[in-house]
Amino acid sequence: MTAPLPAPRRRFPWSRRTRPGVDLSLAIPLLLLEIGWLTLDAIYGHGLAVWAAQGDRAAADAADLAFMERLRVLQIVVVALAALAALFRARWTVIVHLLVALLVGGALAGVRAEWERGDDSSPGCVRYGPNC
């Protein structure tokens, strides 16, 4: 009798789970990078653009729209990374990316609600003006 052939090694990423150490060593820096990106973009990207508008409603509205678009793109990227991590069966990375996607979605919903509500409480007040 001949010896049976060994089972071929599967080379697909979904064939076995990613080791927890590798998973966490990827999840933690990505979490910090994504949260840092979101925070710095909100402060320096959006906040300084609105501040630089100096009461110019069109420029402030353009900064709001650009920030909403950047949030939408960040949310798409985070969900795509979560799908990629799910393909590699990296449980903690998927969880972290889904939490960040929820955070970005909440921030986007807040910015959109503020955009739709506007701030036209007083008729003589210019949005983002110094005395409003």
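As shown above, the structure is provided for reference.
Residues numbered from 1 in each chain as written. Predicted model: local features only at pLDDT ≥ 70, side-chain atom pairs only at ≥ 80, totals over all residues. Heavy atoms only, no water.

**Topic: unusual backbone geometry**
Inclusion rule: Elements are defined by DSSP. Helices are runs of H or I of four residues or more, strands are runs of E of two residues or more, and each kind is numbered from the N terminus. A simple rule labels every residue: compare its accessible area, found with a 1.4 Å probe on the protein chains alone, to the largest value its type can have, and call it buried under 20%, exposed over 50%, or partly exposed in between.
Even without glycine at this site, Gln 54 takes up a positive phi of about 50°. Relative to the elements of secondary structure, Gln 54 occurs in the loop between α1 (20–53) and α2 (57–87). Of the residues examined, Gln 54 reaches a relative accessible area of 57% and is grouped as exposed. Its identity as a non-glycine residue notwithstanding, Arg 89 has a phi of 55°, on the positive side.

**What to know about the environment of Leu 38**
In plain terms, the rule: Note on contacts: a residue pair qualifies if any of its non-hydrogen atoms lie within 4.5 Å across the two residues.
Mapped onto the elements, Leu 38 comes out in helix α1. Sequence-wise, Leu 38 and Leu 103 are 65 residues apart; in three dimensions their C-alpha atoms are separated by 9.5 Å. In this structure Leu 38 touches Leu 71, Leu 74, Leu 103 and Val 104, once residues within four positions along its chain are discounted.

**Thoughts on a nonpolar patch on the surface**
The criterion, for reference: Like charges within 9 Å and nonpolar side chains (Val, Leu, Ile, Met, Phe, Trp, Tyr) within 5 Å are joined into patches, using only residues over 30% in relative accessible area that form no salt bridge. Under the convention used here, a 1.4 Å probe and the Shrake-Rupley method define accessible areas, while residue burial counts only the protein chains that appear. Each reported salt bridge corresponds to a side-chain nitrogen of Lys or Arg within 4 Å of a carboxyl oxygen of Asp or Glu.
Taken together, the side chains of Leu 24, Ile 28, Leu 32, Trp 92, Ile 95, Leu 99 and Leu 102 define a hydrophobic patch exposed on the protein surface, amounting to about 700 Å² of accessible area. In terms of residue count, the dominant contributor to the nonpolar patch is helix α3 (residues 91–117) (four residues).

**Side note on the side chain of Asp 41**
Residue position: Asp 41 is located in helix α1. We classify Asp 41 as buried; its relative accessible area is 15%. Discounting residues that sit within four places of it in the chain, Asp 41 has contacts with His 46, Phe 67 and Arg 70.

**What to know about the packing of α1 against α2**
Condition: Axes here refer to lines fitted to C-alpha atoms; in helices the fit is confined to the stretch in contact. Angles between the N-to-C directions go from 0 to 180 degrees. Should an angle fall under 35 degrees it is taken as roughly parallel, and over 145 as roughly antiparallel, whereas 65 to 115 is taken as roughly perpendicular and any remaining angle as oblique. Classification used: nonpolar for Ala, Val, Leu, Ile, Met, Phe, Trp, Tyr, Cys and Pro, charged for Asp, Glu, Lys and Arg, polar for all others including Gly.
It is the contact of α1 with α2, at a shortest axis distance of 8 Å, that shows an interaxial angle of 170°. Comparing the axis directions of α1 and α2 gives the class roughly antiparallel. Contacts from Glu 34, Trp 37, Leu 38, Asp 41, Ala 42, Gly 45, His 46, Ala 49, Val 50 and Ala 53 of α1 reach α2 at Ala 59, Ala 60, Ala 63, Asp 64, Phe 67, Arg 70, Leu 71, Leu 74, Val 78 and Leu 81. Of the residues contributing to the contact of α1 with α2, the split by class is 14 nonpolar, two polar and four charged.

**Overview of α3**
Put simply, the test is: To estimate the expected span of a helix, subtract one from its residue number and multiply by 1.5 Å.
Under the 1.5 Å per step criterion, the end-to-end length of α3 is 39 Å for 27 residues, consistent within 8% with the ideal 39 Å. Of the positions making up α3, those classed as buried are Thr 93, Val 94, Val 96, His 97, Val 100, Ala 101, Val 104, Leu 108 and Val 111. Positive backbone phi, approximately 70°, marks Gly 118, located one or two places after α3.

**Considerations on the nonpolar core**
Test applied: Only buried residues count toward a nonpolar core, which is a set of Ala, Val, Leu, Ile, Met, Phe, Trp, Tyr and Cys residues joined through side-chain atoms within 4.5 Å.
Ranked by size, the top nonpolar core spans eleven residues in total: Leu 38, Phe 67, Met 68, Leu 71, Leu 74, Val 78, Val 100, Ala 101, Val 104, Leu 108 and Val 111. Broken down by secondary-structure element, the contributors of at least two residues to this core are α2 and α3. With residues up to four places along the chain from it excluded, the contact list for Val 104 reads Leu 38, Leu 71, Leu 74 and Gln 75.

**Let's talk about the pattern of salt bridges**
By the definition in use, this model includes three salt bridges. For Asp 61, the salt bridge goes to Arg 57, with nearest N and O atoms at 4.0 Å. Of this pair, Asp 61 and Arg 57 are both found in helix α2, four residues apart, which corresponds to roughly one turn of the helix. Judged by its relative accessible area of 16%, Asp 61 is buried. With relative accessibility at 33%, the residue Arg 57 sits in the partly exposed group. For Arg 72, the salt bridge is made with Glu 69, and the minimal N-O distance between the two is 2.6 Å. One end of the pair is Arg 72 and the other is Glu 69, both in helix α2 and three residues apart, which spans about a single turn. Exposure remark for Glu 69: the relative accessible area of 37% places this residue in the partly exposed category.

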